[in-house]
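Topology and contacts: notes
For reference, the chains in residue letters:
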Amino acid sequence: MGFARTCSVALVGVEGVVVEVQADLEPGVAAFTLVGLPDKSLTESRDRVRAAVVNSGGEWPQKKLTVGLSPASVPKAGSGFDLAVACAVLGAAERIDPRVLADIVMIGELGLDGRVRPVRGILPAVLAAADAGYEQVVVPECAAAEASLVPGVSVLGIRSLRQLIAVLTDEPVPEEEPDDLGRPDPLLAGLRVPGTGAATGMHSLGAAQHDHDLADVVGQTSARTAVEVSAAGGHHLFLEGPPGAGKTMLAERLPAVLPRLTREDSLEVTAVHSVAGLLPPGKPLIDVAPYCAPHHSATMQSLVGGGPGIARPGAVSLAHRGVLFLDEAPEFHSQTLDALRQPLEAGHVVIARSAGVVRFPARFLMVLAANPCPCGRFSQRDSLCDCPPSAIRRYQARMSGPLLDRVDLRVEVDPVTRAELTVPGARGESTATVADRVRAARERAAARLAGTPWRSNSEVPGRELRSRWHAAPGAMDDAERNLERGVLTARGLDRVLRVAWTVADLVGRDRPDASDVALALQLRTGVPRGVPMAIGAPA
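Residues numbered from 1 in each chain as written. Predicted model: local features only at pLDDT ≥ 70, side-chain atom pairs only at ≥ 80, totals over all residues. Heavy atoms only, no water.

1. Quick look at the overall build of the chain
Our working rule: Put simply, DSSP marks the helices as runs of H or I at least four residues long and the strands as runs of E at least two long, and each gets a number from the N terminus on. By definition, residues are in contact when any of their heavy atoms lie within 4.5 Å. Positive charges come from Lys and Arg, negative ones from Asp and Glu, while His and the chain ends are left out of the count. Charge coordinates come from a single atom per side chain, which is NZ of Lys, CZ of Arg, CG of Asp or CD of Glu.
Looking only at helices and strands, the chain has 22 helices and 19 strands in total. The principal-axis extents of the C-alpha atoms in the chain amount to approximately 85 × 50 × 45 Å. Considering only contacts in the chain between residues 6 or more positions apart, those separated by 24 or more positions represent 72%. Placing the 56 positive and 62 negative side-chain charges of the chain at their respective mean positions leaves the two points 5 Å apart.

Below you can see the structure in the form of structure tokens.
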């Protein structure tokens, strides 16, 4: 009788569970039994592993073979257990010393020829192994850079099972012939899900952000100020205006204004994109704010997360620590939009399915864009709109009040005039200039919130703002009168106070005064308050 064990990782959402892969050989009729709650793709590993071992020069044991995945109560999915199963079987057959395998975590899919293919979720899997105390990890060669992001773990990147056997048995490591130059590496196909990428709007802008400059936006002083305040405090934004006014341009330029992600945030964002299969090959770490813009026909599962079997991350998780842009927001299904209300408040999504309960991070900055009516030409200044009043009311009512109450900034984007468009040199501030102010404002807020669980003004509960950090005397009088008249809800009053703190951080004040609160009220309600809309503009 032969026995060997090694380890791999099962992913539940973006969290990993270390799984012990055990192999047992007994005399009897040759058979291969896989136990431990595997899914269909994992059950098929029996044939992949057998072919890979034989084609790698190994001998398949002609005995009764049982492979167990422990803990058996945890659902296991995917082909990432192939490498661990193959090595456990070879250890039980004494081709590899079983003592060498016991403390190694192995992640990778095997091809029939013995090549090791990458799988999705390498980063969260290695993070789980490190948290469990393991120090040695074996991954596919093309995913070694992603695995190396985890500190304190020794990563071995291999290209074939033949190479791994040689390393574990202290034999000369054979050289693997690379694929023909000029052709894409077929092994990289395991890192991406077919049908995803830039065309779906679910991607990180990365280098593309450098092509989007706020200076390209003509006019729109109020909307530009709202974008700056939104980035500085993490406040959700609603842009309403006719087609062609620049709503999408402003939303596309918002991620470049946000500060670069911290190391901790980068690992969180990279883990989500790795599990979703959206991590670009050659870019193991996402260090810029992601940008996700799903089409208005997106289902609730694609937006919030879910799907058959183990739930997969949706657009709200792919936009974690970045921007979720919902263009033509009234065209989304009302139930889909209302499903955003919980993640907007909680910063995460909990999805319960028959296969298990998963939790995905979802602390994103939401930007809504909408036309004022079905034809898009409704305005208080002219009568170009042909829509009947009932159609306008129905169109504007597609976004529920509770959802809009969670939006801090609501700005009307006016059509660009001929003078604004044709005057030479009428460019606004560049993205770099605004980003510097945003970064300074975030630093002021972080210094004020040091020692608390919050990092930006939008995260601070209203009771804490009212009890620990006070505005200037009399600054909130106008906002409190709006609460009494029913213009603001209690939640709305708290959000006005948060925005006022962000405005104060942008202009360099220690606490918000009446002008900061007036600007916050104007950005919240859209009603002019007699204050300049440009940050730092003279009164």
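2. Points about the state of the cysteines
In protein chemistry, a disulfide is the covalent bond that joins the sulfur atoms of two cysteines. The condition that has to hold: Throughout, a disulfide means two cysteine sulfur atoms within 2.5 Å of one another.
The full count for this structure, using the stated rule, is 0 disulfides. Between Cys87, a cysteine without a disulfide, and Cys7, which holds the nearest cysteine sulfur, the sulfur-to-sulfur distance is 12 Å.

3. A few points about the nonpolar core
Heads up, the rule is: By convention a nonpolar core is built from buried Ala, Val, Leu, Ile, Met, Phe, Trp, Tyr and Cys residues, the set being connected through side-chain atoms within 4.5 Å. A simple rule labels every residue: compare its accessible area, found with a 1.4 Å probe on the protein chains alone, to the largest value its type can have, and call it buried under 20%, exposed over 50%, or partly exposed in between.
Core analysis: the largest hydrophobic core is formed by 57 residues, its most contacted members being Val229, Leu237, Leu239, Val367, Val517 and Leu523. No other element matches helix H21 (residues 490–507), which puts 8 residues into this core. Every residue in contact with Leu523, bar those within four places of it in the chain, is listed here: Ala226, Val229, Asp408, Leu409, Arg410, Val411, Val499 and Met533. Grouped together as the second largest cluster of nonpolar side chains are 39 residues, Val49, Ala52, Phe81 and Met106 included.

4. Thoughts on the confidence of the model for the chain
How we decide: Values of pLDDT, which run from 0 to 100, indicate the predictor's confidence residue by residue.
For the chain, per-residue confidence averages 87 on the pLDDT scale, and residues scoring 70 or more make up 91% of the total. Across the chain, strand E5 (residues 104–106) holds the top mean pLDDT of 97, while strand E10 (residues 202–203) sits lowest at 48. In the model, residues 194–200 has pLDDT below 50 throughout and makes 10 contacts with residues more than four positions away in sequence or in other chains. Confidence over residues 202–208 falls short of pLDDT 50; this stretch has 20 contacts with residues more than four positions distant or in other chains.

5. Observations regarding the side chain of Thr452
Inclusion rule: Nitrogen and oxygen atoms within 3.5 Å of one another constitute a polar contact, given that in protein one can donate a hydrogen and the other can accept it, and given that sequence-neighbouring residues count only through two side-chain atoms.
When you line up the elements, Thr452 lands in the loop between helix H18 (431–448) and helix H19 (462–467). Separated by 2.5 Å, the side chain of Thr452 and the backbone oxygen of Leu449 make a polar contact. The residues touching Thr452, leaving out its near neighbours within four places in the chain, are Arg468 and Trp469.

6. Description of the environment of Ala30
Within the secondary structure, Ala30 is located in the loop between strand E2 (15–26) and strand E3 (31–35). Expressed as a C-alpha distance, the spacing of Ala30 and Tyr134, which sit 104 residues apart in the sequence, is 34 Å. The contacts of Ala30, once residues within four sequence positions are left out, are Gln62, Lys63 and Lys64.

7. Focus: helix H8 (residues 221–233)
Condition: The span one expects for a helix is its residue count, reduced by one, times 1.5 Å.
For H8, with 13 residues, the first-to-last C-alpha span of 18 Å sits near the 18 Å given by 1.5 Å per residue. Burial within H8 is extensive, with 11 of its 13 residues counted as buried. Among all positions of H8, only Ala223, Arg224, Thr225, Ala226, Val227, Glu228, Val229, Ser230, Ala231, Ala232 and Gly233 are buried. Positive backbone phi, approximately 70°, marks Gly234, located one or two places after H8.

8. A closer look at unusual backbone geometry
A cis amide bond links Ser70 with the next residue in sequence, Pro71, at an omega value of 5°. Note on placement: Pro71 falls in the loop between strand E4 (64–70) and helix H3 (82–92). Within the chain, Arg321 stands out as a residue other than glycine whose phi angle is a positive 60°. Relative to the helices and strands, Arg321 resides in the loop between helix H12 (315–318) and strand E15 (323–326). We classify Arg321 as partly exposed; its relative accessible area is 21%. For Glu328, which is not glycine, the phi torsion reads 55° and is therefore positive. Position of Glu328 relative to the elements: it lies in the loop between E15 and helix H13 (334–338). Judged by relative accessible area, which is 26%, Glu328 ranks as partly exposed.

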